[in-house]
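An overview of the molecular structure
What follows is the residue order along each chain.
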Protein chains: 2
Amino acid sequence: MSGRFVNEALVGIAGSRAKLATPALVIDLDAFERNIAKMADHVRRNGMSIRPHAKTHKCVEIAKLQIAAGAVGQCCAKLGEAEAMGAGGIESLIITSPVVTQQGIARAMALNAKVSDLMLTVDNPENATALAAAAKASGKPLKVLVDLDPGLHRTGIAPGEPVLALAKQIHADDNLVLRGLQCYAGHVMHIEEFAERREASLVAMKLLGETRDAFKAAGLPTDIISGGGTGSFDIDPEAHVLTELQGGSYAFMDKQYNDVKAPNGGAAPFETSLFVQMSVVSNNTAGLATTDAGFKAFSTDAEPPVLLSGAPEGAKYFFFGDEQGGIALPGGGKLPLGASLTAITPHCDPTVNLYDAYHVVRGDTLVAIWPIEARGKSA
Amino acid sequence: MSGRFVNEALVGIAGSRAKLATPALVIDLDAFERNIAKMADHVRRNGMSIRPHAKTHKCVEIAKLQIAAGAVGQCCAKLGEAEAMGAGGIESLIITSPVVTQQGIARAMALNAKVSDLMLTVDNPENATALAAAAKASGKPLKVLVDLDPGLHRTGIAPGEPVLALAKQIHADDNLVLRGLQCYAGHVMHIEEFAERREASLVAMKLLGETRDAFKAAGLPTDIISGGGTGSFDIDPEAHVLTELQGGSYAFMDKQYNDVKAPNGGAAPFETSLFVQMSVVSNNTAGLATTDAGFKAFSTDAEPPVLLSGAPEGAKYFFFGDEQGGIALPGGGKLPLGASLTAITPHCDPTVNLYDAYHVVRGDTLVAIWPIEARGKSA
């Protein structure tokens, strides 16, 4: 093995895609670039910004490409992800989950000293007090957004008096800089029917709009109103509330998001650009092939992966344990040993989190390997 | 952040377990050591060996501890895992899945040149021919086991004429060294009722025994007969076929294996030694707490994790998306922000594959951090 990644010697060699050591996580660069451009264009036309979610890609190179296309920074789900983005030179970061432990707060202060535009999200007065004390001790004020609960009850504070009281507490504190609001309606994104998804999204946006208006009336800052996602990217703008969209999956797409219907039942608004490539390793039984991609190669929180190429019409992937996948072949068929198959991932975020690198291809050629620096940075 | 791991500064500090950045993968060293010793004693009493499966732990330090307790080497599911074990100084390795691609075969030859006792498993005459050619070109013969299909049809060749013909082909080739047989009845391991599991295991062992006898009658080597697992560790010995057991999960245990019943419905034969520690990050809703451990912190191919400590009786974990877990609290209860909870993993192998390191504790103190060198090495 030469270099850091097993497939490194194949970069730039024509036709090298078919020779990748598998399972391999593959980005189709043409489709990926079109997705980035389409989202950039969409938010520009709607007078908003995009702050893509690094929890999807976990990769500094992708963050840089998104920012080069106009993104205002990155969202990070966890502190470790933000540390990885900061180390990679990304300066404007929102950590979208609360940071509450003593060690976590100390790490957040260290990161705040390093990057110019770190923002934490806060949903609890007690946590605001702890962050303020730490920011004071660190000598640099900390920027925060108040996280509003859209009714999912995962994170966020209740609308009305609770959210206003928290915002006032933060705004009154010299060690905290209130920047605005975050609201993420995670329960809405995968509603498959457009009309139903639109209705649910706009309920959340209405709540957020009312909260923003109450902030304004109270003289509280509302410079950043951050939220939404790939499932609501074409719904949220009509509410005129968000200043920035938090989508992540739009860059890759997956089986789950491909099933989310566009208006009038049209095609998915973004192209699938992320795949897992696998190889047949055993084929002794008629109608069955065994591949090298199982529970450790695809996330298992959604439906199984969808075969895209390398297998005959009607072939279906099934999970065949930790290490292997089964391909059920119609009509007792057979695939040759070493045959290469490509599948659409069930759910891109947790699938990406299984891999150390992307294999970036143009057509049939591996053109780059991008490390996934924040892989596994869940803490 | 000092050092390679976020919790490194806590090693050796009394009471440090409660301060870990979470989610964190934790090994209870006392329980772990008892499991290793119990299995070592079990195989010794039965005149067998244990060759633990590194696909479970993926960690050189654990491989070394198992070998120090008498294990004859390690099994590896994939070539990348074997490369990581080889780089860590483990010399006797069986790769339990076929290696069939051109790049894979080249890597296997490089590894064979480096470690003294690499064994590949082969289930296909075409693959045997390719391996022989590569071994010849490499100048060092390659040791192989023939993989027998116990009826699961995942990998392995059919019993009877097919397995014998393949073994004869290998034995006749100067570039391959036939060492014996592998047979892994993966479909048997999690049958919950002991009597039913025993019956199914012994069916596979009977097939394997007949194949071994046919090998002997044909003058084929049977020095190594490798197979079985944690679910059949106390069944396989009575068949007197295996020379070595391939268990992996016994060192850790998990929800799945805790549900597999011992003879007479007794307690699980090994202790749970592996846990995920998580922290409450949001608690604004009565009867609900949100933790920092979701789809990226636990494998999702089995039932949800089981709460062990940190939550009141009757509390239940549920998956709350990629990044978070929900704790449903009985009676509208509340957990404090930052509260630490511990859960038994649903399925140890794919959960381990999400983490870069084990946090090794004795009681309440972090005593070591063990890197998981083969994490993500699925290719």
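Since we're looking at a predicted model, the values are computed, not measured.

1. Some thoughts on the confidence of the model for chain A
- Chain-level statistics for chain A give a pLDDT mean of 97 and a share of 99% at 70 or above.
- Of the two predicted TM-score estimates for the complex, the pTM is 0.97 and the ipTM is 0.97.

2. Observations regarding the sheet that holds strand S5 (residues 117-122) of chain A
Residues and elements named next belong to chain A.
- The strand order across the open sheet built from 8 strands is S2-S9-S8-S7-S6-S5-S4-S3, with neighbouring strands paired in parallel fashion. Each edge of the sheet is formed by a strand with only one pairing partner; in this case those strands are strand S2 (49-50) and strand S3 (74-76).
- Bridge count between strand S6 (residues 142-147) and strand S7 (residues 176-183): 6 bridges; the pairing is parallel. Bridging from a neighbouring strand, valine 146 pairs with leucine 181 of S7.
- Its contacts with the sheet place helix H5 (residues 102-114) against S5 and S6, and it is angled at close to 150° to S5.

3. With respect to the packing of aromatic side chains
- Under the counting rule described, the total for this entry stands at 20 aromatic pairs over all chains.
- Consider the rings of phenylalanine 32 of chain A and tryptophan 370 of chain A, whose centres lie 5.9 Å apart with planes at 65°: the pair is edge-to-face. In this pair, phenylalanine 32 of chain A is assigned in helix H1 (residues 29-45) and tryptophan 370 of chain A in strand S17 (residues 365-371), connecting sequence segments 338 residues apart. Across this residue pair, the class does not change: phenylalanine 32 of chain A and tryptophan 370 of chain A are buried.
- One aromatic cluster is present, formed by Phe32, Phe252, Tyr358 and Trp370 of chain A through successive ring pairs.
- The side chain of lysine 38 of chain B reaches across the aromatic face of phenylalanine 270 of chain B, ending 5.6 Å from its centre.
- Sitting above the plane of the phenylalanine 320 of chain A ring, arginine 154 of chain B keeps its charged end 5.8 Å from the centroid.

4. Description of the environment of proline 98 of chain A
- With respect to the helices and strands, the residue proline 98 of chain A is situated in the loop between strand S4 (92-95) and H5.
- When the C-alpha atoms of proline 98 of chain A and threonine 121 of chain A are compared, they prove to be 5.7 Å apart, with 23 residues separating the residues in sequence.

5. Regarding the interface of chain B and chain A
- Taken together, the contact between chain B and chain A spans 64 residues of the former and 64 residues of the latter.
- When chain B packs against chain A, close to 5,000 Å² is buried across both sides, 50% of that on carbon and sulfur atoms.
- Connecting chain B to chain A are 4 salt bridges.
- Two residues, aspartate 356 of chain B and arginine 375 of chain A, come together in a salt bridge whose shortest N-O distance is 2.7 Å.
- Counting across the interface, chain B meets chain A through 31 residue pairs in polar contact (both at pLDDT 80 or more).
- Contributions of two or more residues to the side of chain B that touches chain A are made by helix H5 (102-114), helix H6 (125-138), strand S10 (274-282), strand S11 (288-291) and helix H10 (348-352) of chain B.
- It is S10 of chain B that contributes the most residues to the side of chain B that touches chain A, 4 residues altogether.

6. Quick word on the pairing of strand S4 (residues 92-95) of chain B
Residue and element names in this part refer to chain B.
- Side chains of S4 alternate between two faces, with Ser92 and Ile94 and Leu93 and Ile95 buried alike.
- The sheet contact formed by strand S3 (residues 74-76) and S4 spans 3 bridges and is parallel. Pairing of cysteine 75 across the sheet is with isoleucine 94, part of S4.
- Following the chain from S3 across helix H4 (residues 79-87) to the adjacent parallel S4, one finds a crossover that is right-handed.
- Where S4 meets strand S5 (residues 117-122), 4 bridges bridge the pair, whose relative direction is parallel. By the bridge assignment for S5, leucine 93 is matched with leucine 118.

Conventions adopted
Residues numbered from 1 in each chain as written. Chains lettered and ligands numbered in written order. Predicted model: local features only at pLDDT ≥ 70, side-chain atom pairs only at ≥ 80, totals over all residues. Heavy atoms only, no water. pLDDT = per-residue confidence, 0-100. Pairing = 2+ DSSP bridges. Helix = DSSP H or I, 4+ residues; strand = E, 2+ residues; numbered from the N terminus. Contact = heavy atoms within 4.5 Å. Axes fitted to C-alpha atoms, helices over the stretch in contact; angles between N-to-C directions. Phe/Tyr/Trp six-rings, centres within 6.5 Å; stacked < 30°, edge-to-face > 60°. Buried < 20%, exposed > 50% of the residue type's maximum accessible area, 1.4 Å probe, protein only. Lys NZ or Arg CZ within 6 Å of the ring centre and 35° of its normal. Buried area = accessible area lost by both parts, 1.4 Å probe. Salt bridge = Lys/Arg side-chain N within 4 Å of Asp/Glu carboxyl O. Polar contact = N/O pair within 3.5 Å; in protein donor to acceptor, adjacent residues only side chain to side chain. Right-handed = clockwise from strand over helix to strand, strands pointing away.

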